Amino acid sequence: MYLNGMGFRAKVWLGTAINHYRSGVLAIQIGDRSGKTFEKLWERVKKWDSQRYLTDGYCVYANYIEPEKQAVLPKTKLTRVEGENTRLRLTSRYSMLLEIAKNVMVFNPIIDVLLKI
């Protein structure tokens, strides 16, 4: 699972989580660059208990991800998540990003139920 954050001119941080083997975004969190914002994303992501989390090394991740599960990679090796971030960054309206985030987050309860089966 890839985790990455993306900043906007308005100082808004968009955290994304994707599956390396499938297209699309698994989870999105919009907020500032604080640990509180990432914690909201992490609360959803950690339920999937991935074997490895590939990150860009943002310092906040170390407070949540076990060191043996985190692999810090350069941006050139994170092309899947960077591609999703570019797609989101180029979205013409911020409101569209909020709509995307809302739609992605709707699936989280469904995923939570499937994980309990």
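All values reported here derive from a predicted model rather than from experimental measurement.

Participant: Lay out the overall build of the protein chain in plain terms, naming residues and giving numbers.
Facilitator: Each helix and strand counted, the protein chain has 3 helices and 5 strands in total. For the protein chain, the N- to C-terminal ordering of α and β elements is β-β-β-α-β-β-α-α. Residue burial in the protein chain is summarised as follows: out of 117 residues, 40% are buried. Taking contacts inside the protein chain between residues at least 6 apart in sequence as the whole, the part at least 24 apart equals 48%. Accessible surface, the protein chain: about 7,200 Å² in total, of which carbon and sulfur atoms supply 57%.

Participant: Describe the environment of Arg22, and please don't skip the residues or the numbers.
Facilitator: Residue position: Arg22 is located in the loop between strand S2 (13-18) and strand S3 (27-31). By relative accessible area, which is 62% here, Arg22 ends up exposed. Residues Arg22 and Arg80, spaced 58 residues apart in sequence, show a C-alpha to C-alpha distance of 9.6 Å.

Participant: Residues and numbers for the pairing of S2, please.
Facilitator: By the criterion of burial, S2 is predominantly enclosed, with 6 of the 6 residues buried. Of the two faces of S2, both are covered, the one formed by Trp13, Gly15 and Ala17 as well as the one formed by Leu14, Thr16 and Ile18. In this sheet, S3 lies alongside S2 in antiparallel orientation, the contact comprising 5 bridges. The residue bridging Ala17 from the neighbouring strand is Ala27, located in S3.

Participant: Describe in detail the pattern of salt bridges, supporting the description with residues and values.
Facilitator: Using the criterion set out here, one finds 3 salt bridges in the structure. With a shortest N-O distance of 2.7 Å, Asp49 and Lys69 are connected by a salt bridge. Note that Asp49 is positioned in the loop between helix H1 (35-45) and strand S4 (53-55) and Lys69 in the loop between S4 and strand S5 (70-72), a separation of 20 residues in sequence. Residue classification places Lys69 among the buried positions, given a relative accessible area of 17%.

Participant: I'd like a description of the confidence of the model for the protein chain, backed by residues and values.
Facilitator: Here the protein chain averages 75 in pLDDT, and 65% of its residues register 70 or above. A low-confidence stretch, residues 109-117 stays under pLDDT 50, and its non-local contacts, those more than four residues away or across chains, total 4 contacts.

Participant: Give a description of H1 that names residues and reports values.
Facilitator: Those residues of H1 that fall on the buried side of the exposure criterion are Thr37, Phe38, Leu41, Trp42, Arg44 and Val45. Down the axis of H1, the sector holding all buried residues measures 160 degrees, keeping them to one side. Opposite the packed face of H1, turned more than 90 degrees from it, sit the exposed residues Lys36 and Lys40.

The rules behind the values
- Residues numbered from 1 in each chain as written.
- Predicted model: local features only at pLDDT ≥ 70, side-chain atom pairs only at ≥ 80, totals over all residues.
- Heavy atoms only, no water.
- Helix = DSSP H or I, 4+ residues; strand = E, 2+ residues; numbered from the N terminus.
- Buried < 20%, exposed > 50% of the residue type's maximum accessible area, 1.4 Å probe, protein only.
- Contact = heavy atoms within 4.5 Å.
- Areas by Shrake-Rupley, 256 points an atom, 1.4 Å probe, with all protein chains shown as cover.
- Pairing = 2+ DSSP bridges.
- Salt bridge = Lys/Arg side-chain N within 4 Å of Asp/Glu carboxyl O.
- pLDDT = per-residue confidence, 0-100.
- Arc of directions from axis to C-beta.

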